[in-house]
Amino acid sequence: ASRLWVGGEPMRTILAWQAKPPEREGAKNIVYDIAFRPDGLQLVAAVGMRVLVYDAVEGELLNSLKGHKEAVYCVAYSHDGSRFASGGADKQVIIWTSSAEGILKYAHTEPIQTLAYNPMTHQLASATSGDFGLWSAEARSVPKHKLPSRALCCSWTNDGQHLALGLYSGVVTIRDRHRPDVEKVRIERSSPVWSLMWNPSRAEQADVLAVACWDQSVSFHQLSGKQVGKDRELGYDPCCVSYFANGEYVVVGGASRGASLWTKDGVKLTQICARDSWVWTCKPRPKANFVAVGSQDGTIAMYQLQFHTVHGLYQERYAYRDNMTDVIVQHLLTDERVRIKCRDYVQKISVYKDRLAVQLPERILIYELAQDDESSDMSYRPCERINLTGRKLKCSLLVVTAAHVTLCHEKRMQALDYRGNLVREWLLDSEVRYVKVVGGEREREGLLLGLESGGVVKVFVDNPFPVQLVKLDAAVRCLDLSASRRKLAAVDENGLVRVYNLATGAVELEETGGNSVAWNAQMEEMLCYSGNGVLSIKTANFPLHTQKLQGFVVGFSGSKIFCLHYVEMKTVDVPQSASLYQFIERQDFAGAARVANLGVTEADWRTLGAEALRALELKVARAAFVRTKDMGLLNLVRRIEAMRKVPGQDDPALLTADVLAHQGRHQEAARLYAKSGRPERAVQLYTDLRQWDEARQYAGTAGLANNAELAKRQAEWAEEVKDWRAASASYLAAGDTLRAARVLGENGAAVQLAELVHSLPTSANEELVLCAAFLRKLGALDGARAAYAKLGDTAALVALAVEQGAWEEALELAASHPSHASLVYLPYADWLAVQDRFVEAQDAYRRAARPDKAVRMLEALAENATDEARFADAGYYLHLLALERLRA
């Protein structure tokens, strides 16, 4: 909304101190000149025949220096503050230290008219009726240079390279400090140039000289002599001109018996003071908003200039005055700015929607946005002008609406249309202290008024009757209406902050220490107020949230607070997390969503979504997950919404348990599953998580007999993750011995397989066969033997003994089981032959019913012996061969 603050005039002056020294030595006191020490703490003045030194802050006379024998006309301070100079009608120039001790004196042949210290050195320019000189401490003499006319004033450029002298003839002559005898530039005016000064700002692109001429004008010129702009008509003879505020403004005084403030471009702003006689000198105090004025009647007066902020605010648009004649409109969210040059003294500003009103001394200018997009367009164009010349319309507050401007002054309010016609007038019972436009239909907008009496009044521009809303105990300082217009926040002069329910009149909030208040434009339940360096934010009926903040809150939108600190408008981002969690704790997810939409972190959005999902506030949860782009949780929301539509699947407890499980709150989810009569879902949850101990807690109630099925699931998972020990143990626990044996065998667990064989009953044929096969493959023959023994598989035992070379065992088995003898004696005979036990091998072949192999063995032995000439052996083998053939 549009806000305005009452502060009287946009600028006012206060007399800080005034001094009128008594006349002495029979000389009339006239204050011809004033100079400040550069630190602004000391003032020297040429008064009568003396140089007076004052404390510039308190106005206390520190020294009255008598060094001149006649009237003192001029004084000047050096740039470093170490010395000052004075000159007068006695034709003498005296150099003084800052402690008021005279250290040097030199003379001219004519009275000294003006002095000026070089801003870069200690060189002093002194000018008379016929010449000027340049004194420096290094020179033994003061060279003099002729002038064609009486010098009245002089000033150095910022770099100290050029000196301008104003002459009685109307000429401004500019000299180079290195060739002062040669005129470098000449500016001609029609009347005596009584005062001049170069702009002291080093930020200017070029040196600019302000010239006060007795043709009743002020003009501005560049170093080249080229005039900048036109002459500024004064209507009186100027006696002094000085730059103020580092060159931003110009102070002019003279025969008008006062001093006035102008912009550096020559636009008159306002009168600083009115005196009883001519003003001969006016000088700004360095580093402060003070101006010293010296008058014909011998009075020195120090004035403080107070510049009030001239501004207006509507939502995110802030308009304020700059350089006294310009208006800057700033978008507080984007910080985009646009400057509007009014070229006149801006006294009041008001902004509302697409309108901007600027009050100048003799007119009110109405601007409108160039485009229809109020949210982003920052281009303004003039559309209307209201002429105030000759009209007795006093205004301390200006309010613009869609088709009217309203002027407020003390108790009176007047509404004008854009043609300047008076369409409505209100006379209130007390002075208006605060005005705010609260919106409404076009040409029927409402204005909220705060009065000196404490009354809060609402008026409509189309209605002559004010409506009192509430009555405060003290004068109103600040007001604001909530977005719904149902609640009013007010701050009075005592700093008491109150919130009123306008329907009931009840006070819903009362706090102290406030200076300004603002409702959040995007949330009904949230307001903030500032005071004593603290910002307080109140949301619904939750406790206050406070943080440090200097200045005045003037607006609150979303998570941004607009704060005016001195003359600067700042946008402060405030965290909304605290309010968000307060709403969540209360389970008010709609309120939490409103807070989140004002601006919170992504982590806050995730928390809101999770909590809303748990509470099955699916609309809020979906909005949160859309914001965080969490597709998994969005799918969960859609699944829950679909389940809600299926009969029997819409149990809120089960849905909540599903949400808890998805959020990782497994214990809560399992308890809720069990409580809802669905423990098998708890078992499935922990099974999926491979948390088997937790799953067993719910397995009994879920109908899983002896946990066998659960153990089997655990075993299958262990197999998947290659944990064969856990898998085999789980299969055994589930009673699936066969799968346990296979797992052990495939993973080479011979020891565990042997143990399993030991534990198996003789009836477990399939399991024992499998274990024996794996043990035999793994070389664990003892384990395999045990398995075959339990199976009663003699053939396998025989084969195992033969394979192992356990011939005694094999022979015993063959003796006790003749049917398997052939399985023993044949490999046994082969082994004996290899061991060169041929006779025993012959017998074993015979027992194995393989005499043919015995014959072949003996034939080979006889042949080998013959070849090797072992005839005795050959004969022996042939003998055995004959016997073997006889047996056949």
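Residues numbered from 1 in each chain as written. Predicted model: local features only at pLDDT ≥ 70, side-chain atom pairs only at ≥ 80, totals over all residues. Heavy atoms only, no water.

## Some words on the overall build of the protein
- On a plain count of helices and strands, the protein comes out with 21 helices and 56 strands.
- Out of the 888 residues in the protein, the part that is buried amounts to 52%.
- The long-range share in the protein, meaning contacts at least 24 apart out of those at least 6 apart in sequence, stands at 40%.
- Accessible surface for the protein amounts to roughly 39900 Å². Of this, 47% is attributable to carbon and sulfur atoms. (Helix = DSSP H or I, 4+ residues; strand = E, 2+ residues; numbered from the N terminus. Buried < 20%, exposed > 50% of the residue type's maximum accessible area, 1.4 Å probe, protein only. Contact = heavy atoms within 4.5 Å. Areas by Shrake-Rupley, 256 points an atom, 1.4 Å probe, with all protein chains shown as cover.)

## Re empty space enclosed by the protein
- Summed over all chains, the structure comprises one cavity of 30 Å³ or more.
- For the largest cavity, the calculated volume is near 40 Å³.
- Contributing to the lining of the largest cavity are Leu 472, Asp 473, Ala 490, Val 491, Asp 492, Leu 496 and Arg 498.
- The leading source of residues in the lining of the largest cavity is strand β47 (residues 487-492), at three residues. (1 Å grid on protein atoms, 1.4 Å probe; cavity = no way out; pocket = protein on both sides within 12 Å on 5 of 7 lines; lining within 4 Å. Points joined across faces, edges and corners; volume = space filled by probe spheres on them.)

## Digging into the confidence of the model for the protein
- Counting all residues, the mean pLDDT for the protein is 85, and 84% of those residues have values of 70 or more.
- pLDDT under 50 marks residues 1-8. Its contacts with residues more than four places away, or in other chains, come to 42 contacts. (pLDDT = per-residue confidence, 0-100.)

## Remarks on the nonpolar core
- In this structure, Val 327, Leu 356, Val 405, Met 413 and Leu 449 are the most contacted members of the largest nonpolar core, which totals 47 residues.
- Here the element with the most residues in this core is strand β36 (residues 363-369); it accounts for five residues.
- When sequence neighbours within four positions are dropped, the list of residues in contact with Val 327 reads Ala 319, Tyr 320, Val 338, Arg 339, Ile 340, Cys 342, Val 346, Ile 349, Leu 356 and Val 358.
- Core analysis: the next-biggest nonpolar cluster, separate from the first, contains 39 residues, Leu 535, Cys 563, Leu 580 and Ala 612 among them. (Core = buried A, V, L, I, M, F, W, Y, C linked by side-chain atoms within 4.5 Å.)

## With respect to the pattern of salt bridges
- Within this structure, the stated rule accounts for 31 salt bridges.
- With a closest N to O distance of 3.0 Å, Glu 452 and Arg 433 form a salt bridge. Taken as a pair, Glu 452 in the loop between β43 (446-451) and β44 (455-460) and Arg 433 in strand β42 (residues 432-439) lie far apart in primary sequence, 19 residues in all.
- We classify Glu 452 as partly exposed; its relative accessible area is 39%.
- Classification of Arg 433 by relative accessible area gives partly exposed; the value is 22%.
- A salt bridge links Arg 870 to Glu 868, with the shortest nitrogen-to-oxygen separation between them at 2.8 Å.
- Take Arg 870: its relative accessible area is 31%, and that puts it in the partly exposed class.
- Taken together, the shared-partner salt bridges in this structure form one network comprising Asp 322, Asp 326, Arg 339 and Lys 341. (Salt bridge = Lys/Arg side-chain N within 4 Å of Asp/Glu carboxyl O.)

## A few points about the sheet that holds strand β46 (residues 476-481)
- If you walk across this open sheet you meet the four strands as β46-β47-β48-β49, and the pairing is antiparallel. In the strand order of this sheet, the two ends are held by β46 and β49 (507-511), each with one partner. Strand after strand, the sheet turns through a mean of 15° between neighbouring axes, direction not considered. (Pairing = 2+ DSSP bridges. Axes fitted to C-alpha atoms, helices over the stretch in contact; angles between N-to-C directions.)

## Describing unusual backbone geometry
- Despite not being glycine, Arg 257 shows a phi value in the positive range, around 60°.
- Looking at the element boundaries, Arg 257 is found in the loop between β24 (249-254) and β25 (258-263).
- By relative accessible area, Arg 257 is classed as partly exposed at 43%.

## Section: the packing of aromatic side chains
- Inspection of every chain in the model, using the stated rule, returns 15 aromatic pairs.
- On the basis of an interplanar angle of 55° and a centroid distance of 6.0 Å, the ring pair of Tyr 32 and Trp 280 is categorised as tilted. Taken together, the residues Tyr 32 in strand β3 (residues 31-36) and Trp 280 in strand β27 (residues 279-284) connect sequence positions 248 residues apart.
- The exposure class assigned to Tyr 32 is partly exposed, which follows from its relative accessible area of 26%.
- Note on Phe 244 and Phe 307: the rings are 6.4 Å apart at their centroids and 25° apart in plane angle, and the pair reads as stacked. With Phe 244 in strand β23 (residues 238-244) and Phe 307 in strand β29 (residues 300-307), the pair connects residues that are 63 residues apart, well separated along the chain.
- By the ring-pair criterion, three or more aromatic residues cluster together here, those being Tyr 32, Tyr 73, Trp 194, Trp 214, Trp 278 and Trp 280.
- Over the ring of Phe 290 we find Arg 285; its NZ or CZ atom is 5.0 Å from the centre of that ring. (Phe/Tyr/Trp six-rings, centres within 6.5 Å; stacked < 30°, edge-to-face > 60°. Lys NZ or Arg CZ within 6 Å of the ring centre and 35° of its normal.)

## Some thoughts on the environment of Asp 207
- Locating Asp 207 in the fold gives a position in the loop between β19 (193-198) and β20 (208-213).
- For the pair Asp 207 and His 221, spaced 14 residues apart in the sequence, the C-alpha separation amounts to 8.3 Å.
- Here Asp 207 is in contact with Thr 157, Asn 158, Trp 198, His 221, Gln 222 and Leu 223, once residues within four sequence places are set aside.

## Remarks on helix α12 (residues 737-746)
- A large share of α12 lies buried, amounting to seven of its 10 residues.
- Those residues of α12 that sit buried are Thr 737, Leu 738, Ala 740, Ala 741, Val 743, Leu 744 and Gly 745.

## Examining the state of the cysteines
- Here the structure, examined in full by the defined rule, presents zero disulfides.
- Here Cys 478 is not disulfide-linked; the sulfur of Cys 528 is the nearest cysteine sulfur, at 9.6 Å.
- Classification of Cys 478 by relative accessible area gives buried; the value is 1%. (Disulfide = S-S within 2.5 Å.)

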